[in-house]
Amino acid sequence: MDKPKFFLWAGMASAPAFLFQSDPLFRWIQVLLFISATIISGKKFRLLPNLLMTAGIIFANLMTPNGKVILSFWGFSVTQGALVNGFSRAGLLVGMIYLSRFSVRKNLQIPGRLGSLLSLVFFYFDRIVEGERVTRGNFMEKIDEKLMAVQKISIEDFSSGENPDHLSGGEKLIVPALVFILSWTLFTIPLLI
Amino acid sequence: MQSVSREAHMVAMLAAFCMFFSMIEYLIPKPLPFMRLGLANLPILIALFLLSDRKILLLIFLKVLGQGLVNGTLFSYIFLFSAAGTLCSGTAMLLIFKAAGKRVSLIGICLAGALVSNMVQLVLARFFIFGRSAFIIGPPFLIIGTVSALILGFFAERFVEQSKWFALQRGERNG
């Protein structure tokens, strides 16, 4: 099995341990694991957009009260259930993004026609998420500009595997193996406590 | 690696945008877990003008899969609702577009798609979750679906009129 495929299989095998995580705290530890693995394997990480996204999800969930009121100000009630729910959902979204970014290497080649297509989808998704932020214009103009930017990526760019991963051969195998082992360990711990 | 055509690149890119919009939509809380605004349908509406029928169906399939992956619902019953709604509404939108062409605007196509999707999901909710009381949630569910489809359809209509990227793709396809 080549190295990009090893990353993909490790990521896919780790996904159930993350998706079925019952404890929000351990879910966030898994998120930190995926972010660390993404950084180690040479991809960019921006703190602010992730913080804003997390805050946005938690705030949106607080709009639907659920459970015990733990804080109340200016007529707005913060409920425990909504807070935990928002915290967990934010973790799920951020974690899935980084698990996918970690799992999909630039030169990933899944066999078969559907495999090639899926590799391409992941490739473009990575470019959309990782690419430069579009700040000018309204929502529609931003989408248009993003499409133009992603479109510039040529077919050769996809198949040549330009900007290869900077890890050495040994490290490349250790990182996904560790992600797999640690994410399942973090899944198991809350079940045993 | 098998050779990948230009159209396959377009399918993959639009599928990736479906995933991206699903991610954005995830930020918005929903009264029911399978209820969606349908923002991720925008690439499908655009694709009606740019891709062949088979490739549009492929895009719909990839959207369902991508949504399940990004939202982490791939292994849950929510995925069943989402998949059934998307597959039926996508097929309905494609059929209406093919049958009516320019006589129906994207707002109409979007409304029809939302109606089909919501009806399918209500029927599934009737059998899998709520039983007969599923139809109590019917009216608000359909109203929200209709309003969001109107907004998305209006947005899609403006997008195909004003987008530079879309004009470029259409020019290349026709030229």
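Residues numbered from 1 in each chain as written. Chains lettered and ligands numbered in written order. Predicted model: local features only at pLDDT ≥ 70, side-chain atom pairs only at ≥ 80, totals over all residues. Heavy atoms only, no water.

1. Considering the overall build of chain B
Selection rule: Numbered from the N terminus, helices here are DSSP runs of H or I no shorter than four residues, and strands are runs of E no shorter than two. The contact criterion used throughout is that any non-hydrogen atoms of two residues lie within 4.5 Å.
Across its full length, chain B holds seven helices and zero strands. Moving toward the C terminus, one meets the helices and strands of chain B in the order α-α-α-α-α-α-α. Partitioning the intrachain contacts of chain B with sequence separation of at least 6 by distance along the chain shows that 70% fall at a separation of at least 24.

2. A short note on the overall build of chain A
What counts, and what does not: Think of it in three bands: with a 1.4 Å probe and only protein chains considered, a residue is buried below 20% of the maximum accessible area for its type, exposed above 50%, and partly exposed in between. Here, Shrake-Rupley sampling with a 1.4 Å probe gives the accessible areas, and only protein chains in the shown set may cover a residue.
A tally of helices and strands in chain A yields eight helices and two strands. Listing the helices and strands of chain A from first to last along the sequence gives α-α-α-β-β-α-α-α-α-α. By the burial criterion, 47% of the 193 residues in chain A qualify as buried. Sequence-distant contacts in chain A: of pairs separated by 6 or more residues, those separated by 24 or more amount to 72%. A total accessible area of about 9,800 Å² is found for chain A, and carbon and sulfur atoms account for 66% of it.

3. Thoughts on the confidence of the model for chain B
We count it as follows: pLDDT gives the predictor's per-residue confidence on a scale running from 0 to 100.
Mean pLDDT over chain B stands at 83; residues scoring 70 or higher make up 83%. Within chain B, helix α2 (residues 42-50) of chain B carries the highest mean pLDDT (93), whereas helix α7 (residues 164-174) of chain B carries the lowest (82).

4. Comments concerning a nonpolar patch on the surface
Residues and elements named next belong to chain A. Our working rule: A residue counts toward a patch only above 30% relative accessible area and without a salt bridge, and it is joined to like-charged neighbours within 9 Å or, for Val, Leu, Ile, Met, Phe, Trp and Tyr, to nonpolar neighbours within 5 Å. Only one rule defines a salt bridge in this text: a Lys or Arg side-chain nitrogen within 4 Å of an Asp or Glu carboxyl oxygen.
On the surface, Ile70, Leu71, Phe73, Trp74 and Leu83 cluster together to form a nonpolar patch covering roughly 560 Å² of accessible area. Within the secondary structure, Leu83 is located in helix α4 (residues 80-103). Accessibility expressed as a relative area gives 32% for Leu83, which makes it partly exposed.

5. Some points on the nonpolar core
Operational definition: Put simply, buried Ala, Val, Leu, Ile, Met, Phe, Trp, Tyr and Cys residues joined by side-chain atoms within 4.5 Å make one nonpolar core. These domain boundaries are the output of an automatic or database domain assignment.
By size, the foremost hydrophobic cluster in this structure holds 82 residues, and its most contacted members are Leu45, Leu48 and Trp165 of chain B. Counting residues per element, this core draws most heavily on helix α1 (residues 6-26) of chain B, which supplies 13 residues. When residues of this core are assigned to domains, at least three fall in each of domain 1 (1-105 + 166-193) and domain 2 (106-164) of chain A. By size, the runner-up hydrophobic cluster in this structure holds five residues, among which are Phe81, Ala84, Leu124 and Ala125 of chain B.

6. Some thoughts on the interface of chain A and chain B
For the record, the criterion: The term buried area means the drop in 1.4 Å probe accessible area that two parts suffer when joined, counted for both and summed. Each residue gets one label: Ala, Val, Leu, Ile, Met, Phe, Trp, Tyr, Cys and Pro are nonpolar, Asp, Glu, Lys and Arg are charged, and the others, such as Gly, are polar.
Between chain A and chain B, the contact holds 35 residues from the first and 40 residues from the second. Counting the surface lost from both chain A and chain B, the interface buries some 3,900 Å², and carbon and sulfur atoms represent 81% of this. Interface area lost by chain A to chain B is led by Met140, Leu147 and Gln151 of chain A, which between them contribute 16%. Between chain A and chain B we count zero salt bridges in total. Considering each element in turn, the side of chain A that touches chain B owes the most residues, 10 residues, to helix α5 (residues 113-130) of chain A. Considering only residue class, the side of chain A that touches chain B consists of 26 nonpolar, five polar and four charged.

7. Quick word on the side chain of Ser88 of chain A
All names here are of chain A. In this structure, Ser88 sits in helix α4. Ser88 sits in the buried class, given a relative accessible area of 16%. Non-local contacts of Ser88, meaning those with residues more than four positions away in its chain, are made with Pro24 and Arg27.

8. Focus: the pattern of salt bridges
All names here are of chain A. Enumeration over the complete set of coordinates arrives at four salt bridges over all chains. As a salt-bridge pair, Asp126 and Arg101 come within 3.2 Å of each other at their nearest N and O atoms. On the criterion of sequence distance, the pair formed by Asp126 in helix α5 and Arg101 in helix α4 is long-range, its members being 25 residues apart. When sorted by exposure, Asp126 lands in the same class as Arg101, which is buried.

9. With respect to the packing of helix α6 (residues 139-151) of chain A against helix α6 (residues 138-162) of chain B
To keep things clear, this is the line we draw: Axis lines are fitted through C-alpha atoms, for helices just across the contact stretch, and the angle between N-to-C directions can take any value from 0 to 180 degrees. These descriptions rest on fixed angle ranges, namely under 35 degrees for roughly parallel, over 145 for roughly antiparallel, 65 to 115 for roughly perpendicular, and the rest for oblique. By the definition used in this description, the sense in which the near helix is turned from the far one sets the handedness, with an anticlockwise turn below a right angle giving left-handed and a clockwise turn giving right-handed.
In the contact formed by α6 of chain A and α6 of chain B, the axes pass within 11 Å of each other and the chain directions differ by 55°. Judged on the interaxial angle alone, α6 of chain B and α6 of chain A are oblique. Considering how the two elements wind past one another, α6 of chain A and α6 of chain B form a crossing that is right-handed. Residues Phe139, Met140, Ile143, Asp144 and Leu147 of chain A of α6 of chain A pack against Phe155, Arg158, Phe159 and Gln162 of chain B of α6 of chain B. In terms of residue class, the contact of α6 of chain A with α6 of chain B is built from six nonpolar, one polar and two charged.

10. Thoughts on the side chain of Thr38 of chain A
All names here are of chain A. Along the chain, the position of Thr38 falls in helix α2 (residues 24-40). Owing to a relative accessible area of 1%, Thr38 belongs among the buried residues under this scheme. Not counting residues up to four positions away in its chain, the partners in contact with Thr38 are Lys43, Tyr98, Arg101 and Phe102.

11. Quick word on the packing of α2 of chain B against helix α5 (residues 106-128) of chain B
Residues and elements named next belong to chain B. Contact geometry for α2 and α5: axes closest at 11 Å, N-to-C directions at 125°. Here α2 is positioned oblique relative to α5, judged by the angle of their axes. Read as a crossing pair, α2 and α5 show a hand that is right-handed. Residues Leu45, Leu48 and Phe49 of α2 form the contact with α5, whose participating residues are Leu106, Ile109 and Cys110.

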